[in-house]
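Take a look at the letters that make up each chain.
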Number of protein chains: 2
Amino acid sequence: MKKSDKENTEEKIFNAAKKVFVRKGSDGARMQEIADEAGINKSLLHYYYRSKDKLFAAVFEFFASKFFPDIFNIFNSDDDIFIKFEKFIHAYIDMLSKNPFIPMFMLNEIKKGNASFAIKVISRAGVNIKAFEQLVEKEIKKGNIKNVNPKNLIINMLGLIIFPFISRPLFEVLIFDNNKNAVDEFLAQRKEEVSTLIINMLKPEKTLN
Amino acid sequence: MKKSDKENTEEKIFNAAKKVFVRKGSDGARMQEIADEAGINKSLLHYYYRSKDKLFAAVFEFFASKFFPDIFNIFNSDDDIFIKFEKFIHAYIDMLSKNPFIPMFMLNEIKKGNASFAIKVISRAGVNIKAFEQLVEKEIKKGNIKNVNPKNLIINMLGLIIFPFISRPLFEVLIFDNNKNAVDEFLAQRKEEVSTLIINMLKPEKTLN
DNA sequence: ATTAAGTTTAACTATTTGGTCAAAATTAGA
DNA sequence: TCTAATTTTGACCAAATAGTTAAACTTAAT
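Thresholds applied
- Residues numbered from 1 in each chain as written.
- Chains lettered and ligands numbered in written order.
- Predicted model: local features only at pLDDT ≥ 70, side-chain atom pairs only at ≥ 80, totals over all residues.
- Heavy atoms only, no water.
- Domains from an automatic or database assignment.
- Contact = heavy atoms within 4.5 Å.
- Buried area = accessible area lost by both parts, 1.4 Å probe.
- Salt bridge = Lys/Arg side-chain N within 4 Å of Asp/Glu carboxyl O.
- Polar contact = N/O pair within 3.5 Å; in protein donor to acceptor, adjacent residues only side chain to side chain.
- Helix = DSSP H or I, 4+ residues; strand = E, 2+ residues; numbered from the N terminus.
- Nonpolar A, V, L, I, M, F, W, Y, C, P; charged D, E, K, R; others polar.
- Core = buried A, V, L, I, M, F, W, Y, C linked by side-chain atoms within 4.5 Å.
- Buried < 20%, exposed > 50% of the residue type's maximum accessible area, 1.4 Å probe, protein only.
- Least-squares fit on C-alpha atoms with pLDDT ≥ 70 in both.
- Axes fitted to C-alpha atoms, helices over the stretch in contact; angles between N-to-C directions.
- Parallel < 35°, antiparallel > 145°, perpendicular 65-115°, else oblique.

## Topic: the domain arrangement of chain A
All names here are of chain A.
And step 1. Partitioning chain A into domains gives domain 1 (3-60) and domain 2 (68-202).
And step 2. In this structure, domain 1 and domain 2 have C-alpha centres spaced 30 Å apart.
And step 3. Across the boundary between the two partners, domain 1 contributes nine residues, which contact nine residues of domain 2.
And step 4. Carbon and sulfur atoms supply 76% of the area that domain 1 and domain 2 bury against each other, a total of about 730 Å² over both sides.
And step 5. Of all residues in domain 1, the largest losses of buried area upon contact with domain 2 belong to Val22, Phe56 and Phe60, amounting jointly to 70% of the total for that side.
And step 6. Our count for the contact surface shared by domain 1 and domain 2 stands at one salt bridge.
And step 7. For Lys112, the salt bridge is made with Asp27, and the minimal N-O distance between the two is 3.0 Å.
And step 8. Our enumeration of links across domain 1 and domain 2 arrives at three residue pairs in polar contact (both at pLDDT 80 or more).
And step 9. Top element by residues in the side of domain 1 that touches domain 2 is helix α1 (residues 3-28). It accounts for five residues.
And step 10. A breakdown of the residues in the side of domain 1 that touches domain 2 according to their chemical character gives six nonpolar, two polar and one charged.

## Re the environment of Arg168 of chain B
All names here are of chain B.
And step 1. With respect to the helices, strands and loops of the structure, Arg168 is situated in helix α8 (residues 150-174).
And step 2. With 27 residues separating them along the chain, Arg168 and Ser195 place their C-alpha atoms 20 Å apart.
And step 3. When neighbours within four sequence positions are excluded, Arg168 is seen to be in contact with Lys180, Val183, Asp184 and Leu187.

## Observations regarding the nonpolar core
And step 1. Membership of the largest hydrophobic core comes to 156 residues, with the highest contact counts inside it found for Phe88 of chain A together with Phe88 of chain B.
And step 2. In terms of residues, this core owes the most to one element, α8 of chain B, which gives 14 residues.
And step 3. Apart from residues no more than four positions distant in its own chain, Phe88 of chain B is found in contact with Ile71, Phe72, Ile74, Phe75, Met157, Leu158 and Ile161 of chain B.

## Observations concerning the interface of chain B and chain A
Interface size, as often reported, equals the accessible area lost upon joining of the parts.
And step 1. Contacts between the two partners involve 45 residues from chain B and, on the opposite side, 45 residues from chain A.
And step 2. Buried area between chain B and chain A, summed over both chains or domains, comes out near 4,100 Å², and the portion from carbon and sulfur atoms is 74%.
And step 3. On the chain B side of the contact with chain A, Ile155, Phe163 and Ile175 of chain B bury the most area, a combined 16% of that side's loss.
And step 4. Our count for the chain B to chain A interface comes out at two salt bridges.

## Observations regarding the relation of the copies chain B and chain A
And step 1. Overlaying chain B on chain A yields an RMSD of 0.1 Å, the required transformation being a rotation through 180° with an accompanying axial translation of 0.0 Å. Between the two chains, the operation in question is that of a two-fold axis.
And step 2. Looking at the interface residues of chain B, 100% of them are also at the interface in chain A, so both copies use one shared face.

## Looking at the pattern of salt bridges
Residue and element names in this part refer to chain A.
And step 1. In total, this model carries 28 salt bridges over all chains according to the counting rule given.
And step 2. For Lys180, the salt bridge goes to Glu172, with nearest N and O atoms at 2.6 Å.
And step 3. Judged by relative accessible area, Lys180 falls into the partly exposed class, the value being 45%.
And step 4. Of the residues examined, Glu172 reaches a relative accessible area of 9% and is grouped as buried.
And step 5. A cluster of three or more residues bridged by salt bridges with shared partners is formed by Lys19, Arg23, Lys24, Glu33 and Glu37.

## A look at the packing of helix α2 (residues 31-38) of chain A against helix α3 (residues 42-49) of chain A
Angle between the axes and distance between the axes are the two parameters that describe a pair of packed helices.
All names here are of chain A.
And step 1. Orientation of α2 relative to α3, taken along the N-to-C sense of each, is 100°, at an axis distance of 8 Å. One way to sum up the angle between α2 and α3 is to call them roughly perpendicular. Only Lys42, Leu45 and His46 of α3 make contact with α2, whose side of the interface consists of Met31, Gln32, Ile34 and Ala35.
And step 2. Its residues placed into classes, the contact of α2 with α3 shows four nonpolar, two polar and one charged.

## Describing the environment of Asn76 of chain B
Residue and element names in this part refer to chain B.
And step 1. If you trace the backbone, Asn76 turns up in the loop between α4 (52-67) and α5 (81-98).
And step 2. Residue Asn76 is classed as exposed on the basis of its relative accessible area of 62%.
And step 3. When the C-alpha atoms of Asn76 and Gln134 are compared, they prove to be 11 Å apart, with 58 residues separating the residues in sequence.

Okay, here's the thing in structure tokens:
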């Protein structure tokens, strides 16, 4: 086969592995299922990726780079602070809409013991929480935003953004009577909802004098 | 052995199973690991619980009843609507503080295909989302709370409550430099944080005339 | 056309793992 | 104390599954 086809096979394996690992997790996934999903012989998995662990590591790294994307630098721009938050929230929800299963996958695998691996990816991606906290404190001092706890702010924001994707299988049936279109609409509308909420958390009270 | 000891063995198995299933998930858990954790012979697992599936089902049902606890009826009381929310948030975070791994376990297993099982437990627990939505709409009409979307309200509230527990392994190292005491403090303080946020989402604007 | 390198396949192996079984140990009751 | 029921154990089994191998096939270059 040609080189372009070789890459094609490797890609087919990688894409199939992404699907199956996301669906079943690192333990539940079966090499045979990945091979079937890719439509190729199981031995090819080992030909291209030595072992299940190596294949999983590749998939994990791929998703980690999505989950900790290169968008925290939005906070390094010289936009107005509220614009920064709005841009970040929109960008992150857009990413999750394209990859809705990433949060569950990542957080579950991290919990099972891949935290240190994740940290490497995070620092490589330039995610800098300390800088974020300092930014918030600076804006508080300047009086541009309310006196909020930066750690709470991060968790609140990420929770509001990420939780709907993690809990979708549950609330899809519990709240939306299995109407998947309604859920998709709901998730799309979350961009505005979360932006508004965060901005309301941050907007200083109108002084009354 | 005596009957009290028999129950003791069964309990030992059940408690060990809870630990291991939470740690590794239904696929990652090994019967041998559960036996070791319980300090008993592996055959006893099958003596008391027939199969891994049956043992897992018992554990799943146990956690499901915790995850969908009998506290939604707080909203059926005749407390003030803000008190209802405050009570609910406090009660739920208290429960999670005692069982911090339940959300990750439940949501992950539900995602992997136990949704229908979960629904049974939910309805048995009397969780009634429709009633909650109607309550919110009623209070909106009465002008007691702002005109919010009830579905957004539920997801926002549950996200703010649950997400910190799901993401703890990540933010513990990323935001808290592995200071576990600081994280425990942070989580305890979330009761007030979330209550305040939800109430601020609901409090009508002060009219200016 | 021939060759050498890379790719694909089916058959096979080794290990892990859920589950069984019969014997041994313990307990409760007569 | 003797017996029957219950509980516990270690050895074993069968199925599932990750990984190996050697041969067959394909491709690109000469």
